Structure formats: C-alpha cells, structure tokens
Amino acid sequence: MVSNEALYLHELEKRWFMVAGEGLVFLTLLVIGIYKTRQSFRKEFQLARQQKNFLLSITHEFKSPLAAVKLNLQTLQKRHLSKDQMEHVLSNAISETDRIDNLVENALMATRIEAKNLDMLLSEMDISACVNNVLTGIRSTTGSEVVIESNIEPDIFILGDILAISSLISNLVENAIKYSTSDTKINVTLATKRNNALLIVADNGIGISDNEKNEIFTKFYRVGNEETRRTKGTGLGLFIVKHIVDLHHGRVEVRDNEPKGTIFEISIPSLKSVI
C-alpha cells in the first residue's frame, strides 16, 4: 500500500515537471520572439540605411551631370567658339543629359517593379543588334577611358521588350565599368546555347564575395567594402536586371572571374525562326 508521503512526493514531482515544461516552453518562445524582433529591427535598420545611401547617391548622381550641362551651356553663352568646338560642347551636354535620363528611367522602372506594374511589350527582336547599339552608345560616352571588347553572334532573335532588354544590357555593362579600373577590359559576349540567347559580361574589377552574391540583386544593395562605396551608383541596376530577366523567363548567374573580377551570365530563350 502506497503511503501518503509517497503519493505527495509523486504529485509534487508531476507538478514540478509540468511547471518546468511550461517554463521551458515560455523561455523558448521568449528567445524566439527576441530573435525575430531583433532580426526585424536589423532588417528595418539596414533598409533605412540603404535608403539613406540611395538618396545621397541619387542626389550626387543628378548633381554631377546637371553641373556639367550648366558648364557647357555657360561656355556656349560666354565664349565665341568654332564650329568644331561648339559640336564638342554640345556633344558633352547631350551625353550628360542622356545620363540624367538613364537615372530617371532606372528610378521609374524600379518603382514599377516594386508596384508589380512593369508590363513587357514582347515582340520578336534582334538581341544581337540591340547589344551592338547599346555598346556603341556606351563607348561614345566613355571614350578611351574604358576598353570594351565584344564578340557578338549576329542574328539572334528573342521574344522580348526592346527597351527593357536595352536597359538590362546597359546596366550590366555600366556596372562592370563602375567596379573596374581604367586599365582593365570589359568583355561582352553574345551567343546561342541550347536554344537560349546567352549574354556574358565579364570584368577584371574588385569582384564580389560569396556571401554577397545572393544580395546584389536586392534593391538599394551595394557591395559593402569601402572601395566600392567610393564608386558612383544607386543600387538599382542589378535589381532591375534580375526582374527584367525574370519577366523574360530567363535566368541570371554570377560567378568569379579569374584571376579577379566578376562574370554575369544572362540566359533568355531564343526564337528558332523569325516570321
């Protein structure tokens, strides 16, 4: 026969385990809550910092070309120039105006992407000609400061939005230029592979660390070392690239170049025949 003391101890032990279990559950939930709250605050802080950096960057990006345009116009106003000199000054002003236009287009496109309001006007297009046209424009604005080598297979057609694809190419190449020194080369290749148009942009710049390769397509994100922060940029280019590729049912990959630098590889389904 079990004694009253034994029953009391057994009941006390049961209650202790129950209280201990409830306490453990509460403690676990508290730890998880603290972790989630801290994680949320960290994300909010990071987003706020990225937005602040974006505002500072976009202000600087607009200020520089606007100052250049103003200087060119003042030169035309105050000096008597020859025809060749006038054409040179006007060319510089137009180039800086195009730079402002690209900044505005990137900002608007990023806004439409976030609002899920970016519609693609898809039609058969010659991506080979598109790449060549974009590279011609970039070469004319960068001059001899940057060497862009290209190997473009002709007559590759895709079902695409020509304005969006032009923006994709421009953002990729300008991103490569931005993070490269003036004595390096940018290599742009376009070819067909397994019924896909394969665009490859390779640079010999500062490269991207493995832990940042999944972050670079995030809005406002910029590679976080001090050398990169001294470069121009808004953190919108690769964000736009990724979404344009997705809307064309393609894929984008990033990997290290050897001995240094980065390679971006864009694959978009090609059209086997053109009507």
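Up top you'll find the structure we're talking about.
Reference entry: report on the structure contained in this document.

Rules of the game
- Here, residues in each chain are numbered from 1, in the same order as that chain's written sequence.
- Totals for whole chains, interfaces and linings use all residues, but because this is a predicted model, local features are given only for residues with pLDDT of at least 70 and pairs of side-chain atoms are given and counted only at 80 or more.
- Each side-chain value is worked out from all heavy atoms of the structure, with water and hydrogens disregarded.
- For salt bridges, the criterion is a side-chain nitrogen of Lys or Arg within 4 Å of an Asp or Glu carboxyl oxygen.
- Strands are runs of DSSP state E lasting at least two residues, helices are runs of H or I lasting at least four, and both sets are numbered from the N terminus onward.
- Only protein chains enter the accessibility calculation, which uses a 1.4 Å probe; a residue is then buried when its area is under 20% of its type maximum, exposed when over 50%, and partly exposed in between.
- Here, expected helix span is obtained from the residue count minus one, scaled by 1.5 Å.
- Any two residues having at least one pair of non-hydrogen atoms within 4.5 Å are treated as being in contact.
- For two strands to be treated as a pair, DSSP must find no fewer than two bridges joining them.
- Here an axis means a line fitted to C-alpha atoms, over the contact stretch when the element is a helix, while the angle between two N-to-C directions is reported on a 0 to 180 degree scale.
- For the purposes of this section, nonpolar cores are sets of buried Ala, Val, Leu, Ile, Met, Phe, Trp, Tyr and Cys residues that join through side-chain atoms within 4.5 Å.
- Any angle that is under 35 degrees is reported as roughly parallel, and any over 145 degrees as roughly antiparallel; angles of 65 to 115 degrees are reported as roughly perpendicular and all others as oblique.
- By the definition used in this description, the sense in which the near helix is turned from the far one sets the handedness, with an anticlockwise turn below a right angle giving left-handed and a clockwise turn giving right-handed.
- Under the scheme applied, nonpolar residues are Ala, Val, Leu, Ile, Met, Phe, Trp, Tyr, Cys and Pro; charged residues are Asp, Glu, Lys and Arg; polar residues are all the others, including Gly.

### So, the pattern of salt bridges
Here is step 1: Inspection of the entire model under this criterion finds 5 salt bridges.
Here is step 2: Residue E149 is joined to K185 by a salt bridge in which the shortest nitrogen-to-oxygen separation is 3.1 Å. In this pair, E149 sits in strand β2 (residues 147-152) while K185 sits in strand β4 (residues 185-193), placing the two residues 36 residues apart along the sequence.
Here is step 3: On the accessibility criterion, E149 (34% relative accessible area) is partly exposed.
Here is step 4: Here K185 falls in the partly exposed class, since its relative accessible area comes to 39%.
Here is step 5: With a shortest N-O distance of 2.9 Å, R251 and E253 are connected by a salt bridge.
Here is step 6: Taken together, the shared-partner salt bridges connect R251, E253, R255 and E265 into one network.

### Remarks on helix α2 (residues 83-114)
Each α-helix winds once per 3.6 residues, and so residues spaced three or four apart point in a common direction.
Here is step 1: Here α2 spans 47 Å end to end across 32 residues, near enough to the 46 Å set by a 1.5 Å rise per residue.
Here is step 2: Those residues of α2 that sit buried are V89, A93, E96, I100, L103, N106, M109, A110 and I113.
Here is step 3: Directly after α2, the chain includes K116, whose backbone phi takes a positive value near 55°.

### Remarks on the side chain of N175
Here is step 1: Turning to its location among the elements, N175 is positioned in helix α4 (residues 162-178).
Here is step 2: Judged by relative accessible area, which is 13%, N175 ranks as buried.
Here is step 3: What N175 contacts, discounting residues up to four positions off in sequence, is L238 and F264.

### A short note on the sheet that holds β2
Strands in a sheet are paired, the pairing made by backbone hydrogen bonds, and the direction either parallel or antiparallel.
Here is step 1: If you walk across this open sheet you meet the 5 strands as β2-β4-β5-β7-β6, and the pairing is mixed. If you trace the sheet from one side to the other, it starts and ends with β2 and β6 (251-256), each paired once. Between one strand axis and the next, the sheet turns through 15° on average, direction left out of account.
Here is step 2: Pairing of β4 with strand β5 (residues 196-202) involves 7 bridges; the strand directions are antiparallel. If you follow K193 over to β5, its bridge partner there is N196.
Here is step 3: Against the sheet, helix α3 (residues 127-142) touches β2, β4 and β5, its axis set at about 170° to β2.

### Side note on the nonpolar core
Here is step 1: In terms of nonpolar packing, the biggest core is built from 48 residues, with V188 and L199 touching the most fellow members.
Here is step 2: By residue number, the principal contributor to this core is α4, which donates 8 residues.
Here is step 3: Beyond its immediate chain neighbours, meaning those up to four positions away, L199 contacts V131, L168, I169, L172, V188, T189, L190, F264, E265 and I266.

### Quick look at the packing of α2 against helix α6 (residues 237-247)
Here is step 1: Closest axis-to-axis distance for the α2/α6 pair is 10 Å, and the angle between their directions is 55°. In this view, α2 runs oblique relative to α6, as classed from their interaxial angle. As α2 runs across α6, the sense of the crossing is left-handed. Residue-level inspection shows N106, M109, A110, I113 and E114 of α2 in contact with α6, the latter providing F239, I240, H243 and I244.
Here is step 2: Along the lines of polarity and charge, the residues of the contact of α2 with α6 split into 6 nonpolar, 2 polar and 1 charged.

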